[in-house]
Protein chains: 2
Amino acid sequence: MARAKKLTQKQDAILNFIEKFSIENPFPPTLKEIAEEFKITLGTVQDHVFAIEKKGFIKRFPDVARGFKVTRPGDNKTQDMADMIPIYGNVAAGEPIFAQENIQGYVTMEKNKAGHKIHFALKIKGESMKDAGIYDGDIVIVRKQDDADNGDVVIALLDDEATCKTLKKTKIKAYLEAANPRYKAIMNRPFSIIGKVIELRRGYVAA
Amino acid sequence: MARAKKLTQKQDAILNFIEKFSIENPFPPTLKEIAEEFKITLGTVQDHVFAIEKKGFIKRFPDVARGFKVTRPGDNKTQDMADMIPIYGNVAAGEPIFAQENIQGYVTMEKNKAGHKIHFALKIKGESMKDAGIYDGDIVIVRKQDDADNGDVVIALLDDEATCKTLKKTKIKAYLEAANPRYKAIMNRPFSIIGKVIELRRGYVAA
DNA sequence: ATTTAAGCCATATTTGTTTAAGGTAAATTA
DNA sequence: TAATTTACCTTAAACAAATATGGCTTAAAT
């Protein structure tokens, strides 16, 4: 079985350069540009690139200018670009949540292949989800959807206020549960789900 | 004032192709590839590309193969504001942490705040920081630095293994503390700090 | 009515980029 | 010890790709 061999130091450095270059520029480098970076000759770069390819870390497109593709074994994720998605502050009841004035900033997120504006972010207020590791001030990234599965952490609209809770579904009914013993479950009030939490982010840099 | 003019249908189609091609391949197309796609000649493509550039939707790099950059005047929020930083897996003692083979993926991060390659990300293993809201499988974003303040969550090198702990500093000595009563503080072993945790990310999408 | 822009074409030239083919030396592996 | 791998080199040739000219037609703008 073609097990992925390890790269040598030099090969690793060159792979690094190719990747960095590809991120900082809209295209991969040429062999010559690699040669210049490392102050070696074209022929030497050929050898290195060939070796790196043989070990399976890049794919080459024959006769194609800048024809590299970094294919780290075990990572099929195409890292193209990022989207900026808005962070909405938690607002008082009655006020519109998705208002332009309510945007507190942006976070970056890997671009999703399909949907476009289906994500947004929300700043968490309060301690009701503390036992699920979601703290006051944390930011959750939400995928818009009007239903979710049992046990999902969701953003629900409750009396016109957005709240973060765990969704519980029984055969009889659905309800919202906090992750903090000091809060009780919300059983008999109407709510609607506006999205599912797909990621949590917490900053440690002092405000 | 050079206001951004609108593209014609044809120009828009070509711009779209360039963008799509750049996403589906690791490099932008050549003029010839565009010509083949639209069944027009090279010269015609030159005209179109020149027009598109003049209207500010792409940037061209002179004499550079595949030297395109799509710069839609609308989404300046997208590209230039994010950096891709690598996620390193937690490795066994003795093995190099910052090796290419150890990169498990990438996360996006807002650019600037600080310098360039001073950030990396690490996947957390274990429950030792659970009471600080850092769970197994979470990803922490780390700023490289060899010292930190009392109370900072840091990544430390302990017997050649990277570990996430809270740094405690007394007048007498510095030590590492877990955030889980089942783990005791690491008091009398040598360690070095490799970075400070500045952000936490947790994915909720099913594995 | 003249100019400008949009779409097209063809050909030639220059530059960019990859590929080919050979060689040297030191370190590692069989 | 012989064979392989790594890391370099040089030179030439082939191919890829961008650029330079120049010319054609139609529709819209001044």
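A brief structural summary. (Residues numbered from 1 in each chain as written. Chains lettered and ligands numbered in written order. Predicted model: local features only at pLDDT ≥ 70, side-chain atom pairs only at ≥ 80, totals over all residues. Heavy atoms only, no water.)

Pairs can form between side chains of opposite charge whenever their charged atoms are close. Residues and elements named next belong to chain A. This model, assessed by the stated rule, comprises ten salt bridges over all chains. Between D152 and K196 there is a salt bridge, and its shortest N-O distance comes to 3.5 Å. You can see D152 sitting in the loop between strand 6 (139-144) and strand 7 (153-158) and its partner K196 sitting in strand 10 (residues 192-203), a full 44 residues away along the chain. Residue class for D152 comes out buried when judged on its relative accessible area of 13%. Among the ionic pairs, K168 bridges to E177, the shortest N-O distance being 3.8 Å. Judged by its relative accessible area of 26%, K168 is partly exposed. (Salt bridge = Lys/Arg side-chain N within 4 Å of Asp/Glu carboxyl O. Helix = DSSP H or I, 4+ residues; strand = E, 2+ residues; numbered from the N terminus. Buried < 20%, exposed > 50% of the residue type's maximum accessible area, 1.4 Å probe, protein only.)

Here the focus is the protein's contact with DNA strand C. Close to DNA strand C lie 22 residues, the nearest being D63(A), R66(A), T8(B), T41(B) and D47(B). Atoms of DNA strand C within 4 Å of the protein belong to the sugar or the phosphate in 72% of instances, the rest to bases. In this structure, a phosphate oxygen belonging to DNA strand C sits 2.8 Å away from a main-chain N or O atom of D63(A). Contact distances for DNA strand C include 3.1 Å between a phosphate oxygen and a side-chain N or O atom of K55(B). Broken down by secondary-structure element, the contributors of at least two residues to the surface near DNA strand C are helix 3 (42-54) of chain A together with helix 1 (9-24) and helix 3 (42-54) of chain B. Top contributing element to the surface near DNA strand C by residue count: helix 3 of chain B, with four residues. Classifying every residue of the surface near DNA strand C by side-chain character gives seven nonpolar, eight polar and seven charged. (Near = heavy atom within 4 Å. Polar contact = N/O pair within 3.5 Å; in protein donor to acceptor, adjacent residues only side chain to side chain. Nonpolar A, V, L, I, M, F, W, Y, C, P; charged D, E, K, R; others polar.)

Time to look at the nonpolar core. In terms of nonpolar packing, the biggest core is built from 34 residues, with V140(A), I155(A), V140(B), I155(B) and C164(B) touching the most fellow members. The residues contacting V140(A), other than those within four sequence positions of it, are F120(A), A121(A), L122(A), I124(A), I155(A), V197(A), E199(A) and L200(A). Counting 18 residues, the second-largest nonpolar core is a separate cluster that includes I18(B), L31(B), V45(B) and F68(B). (Core = buried A, V, L, I, M, F, W, Y, C linked by side-chain atoms within 4.5 Å. Contact = heavy atoms within 4.5 Å.)

On to the packing of aromatic side chains, then. For any pair of aromatic rings, the description rests on two quantities: the centre-to-centre distance and the angle between the ring planes. Within the structure shown, the criterion is met by ten aromatic pairs over all chains. Between F61(A) and F27(B), the aromatic rings sit 5.1 Å apart at their centres with planes inclined by 85 degrees, giving edge-to-face as the arrangement. Here the residue F61(A) occupies a position in the loop between strand 1 (58-60) and strand 2 (68-70), and F27(B) occupies one in the loop between helix 1 and helix 2 (31-38), the pair thus bridging two chains. Comparing F61(A) with F27(B), the two get one shared label, buried. An aromatic cluster is defined as three or more aromatic residues linked by ring pairs; in this entry it consists of F17(A), F21(A), F27(A), F38(A) and F61(B). Just above the ring of F61(A) sits the side chain of K59(A); from NZ or CZ to the centre is 4.4 Å. (Phe/Tyr/Trp six-rings, centres within 6.5 Å; stacked < 30°, edge-to-face > 60°. Lys NZ or Arg CZ within 6 Å of the ring centre and 35° of its normal.)

Quick look at the protein's contact with DNA strand D now. Around DNA strand D lies a shell of 21 residues, among which T41(A), T44(A), D47(A), L31(B) and R66(B) are the nearest. Taken together, the sugar and phosphate atoms account for 70% of what DNA strand D places within 4 Å of the protein. D47(A) is positioned such that a nitrogen or oxygen atom in its side chain is 2.2 Å from a base nitrogen of DNA strand D. Between R66(B) and DNA strand D, the recorded distance is 2.8 Å, taken from a side-chain N or O atom to a phosphate oxygen. Those elements giving two or more residues to the surface near DNA strand D turn out to be helix 1 (9-24) and helix 3 of chain A. With four residues, the top contributor of residues to the surface near DNA strand D is helix 3 of chain A.

Before going further, it helps to spend a moment on helix 1 of chain B. Along an α-helix, residues three or four positions apart point the same way, because every turn accommodates 3.6 residues. Residue and element names in this part refer to chain B. The end-to-end C-alpha distance of helix 1 is 22 Å, a good match for the 22 Å that 16 residues give at a rise of 1.5 Å each. By the burial criterion, the buried members of helix 1 are Q11, I14, L15, F17, I18 and F21. In a view along the axis of helix 1, the buried residues occupy a sector of 155 degrees, so they form one face of it. Projecting away from the buried face of helix 1 at angles above 90 degrees are the exposed residues Q9 and E24. (Expected span 1.5 Å × (residues − 1). Arc of directions from axis to C-beta.)

This paragraph deals with the environment of I87(A). All names here are of chain A. Considering the arrangement of structural elements, one finds I87 in strand 3 (residues 82-88). For I87, a relative accessible area of 8% gives the class buried. Along the sequence, I87 and G105 sit 18 residues apart, while their C-alpha atoms lie 5.3 Å from each other.

Residues and elements named next belong to chain B. With respect to the helices and strands, the residue Q11 is situated in helix 1. For Q11, a relative accessible area of 9% corresponds to the buried category. Among the polar contacts listed, one links the side chain of Q11 to the backbone nitrogen of T8, at a separation of 3.0 Å. Reaching out from Q11, the side chain makes a polar contact with the side chain of K55 at a distance of 2.9 Å. Discounting residues that sit within four places of it in the chain, Q11 has contacts with H48, A51, I52 and K55.

Before going further, it helps to examine unusual backbone geometry. In this structure, D63(A) is a non-glycine residue whose phi angle is positive, near 60 degrees. In this structure, D63(A) sits in the loop between strand 1 and strand 2.

With that out of the way, let us pick up the packing of helix 1 of chain A against helix 2 (residues 31-38) of chain A. All names here are of chain A. At their nearest, the axes of helix 1 and helix 2 sit 11 Å apart, and the two run at 120 degrees to each other. Judged by the inter-axis angle, helix 1 sits oblique to helix 2. As helix 1 packs across helix 2, the resulting crossing turns out to be right-handed. Contacts from K10, A13, I14, F17, I18 and F21 of helix 1 reach helix 2 at E33, I34, E37 and F38. Its residues assigned to classes, the contact of helix 1 with helix 2 shows seven nonpolar, no polar and three charged. (Axes fitted to C-alpha atoms, helices over the stretch in contact; angles between N-to-C directions. Parallel < 35°, antiparallel > 145°, perpendicular 65-115°, else oblique. Left-handed = near helix turned anticlockwise from the far one by under 90°.)

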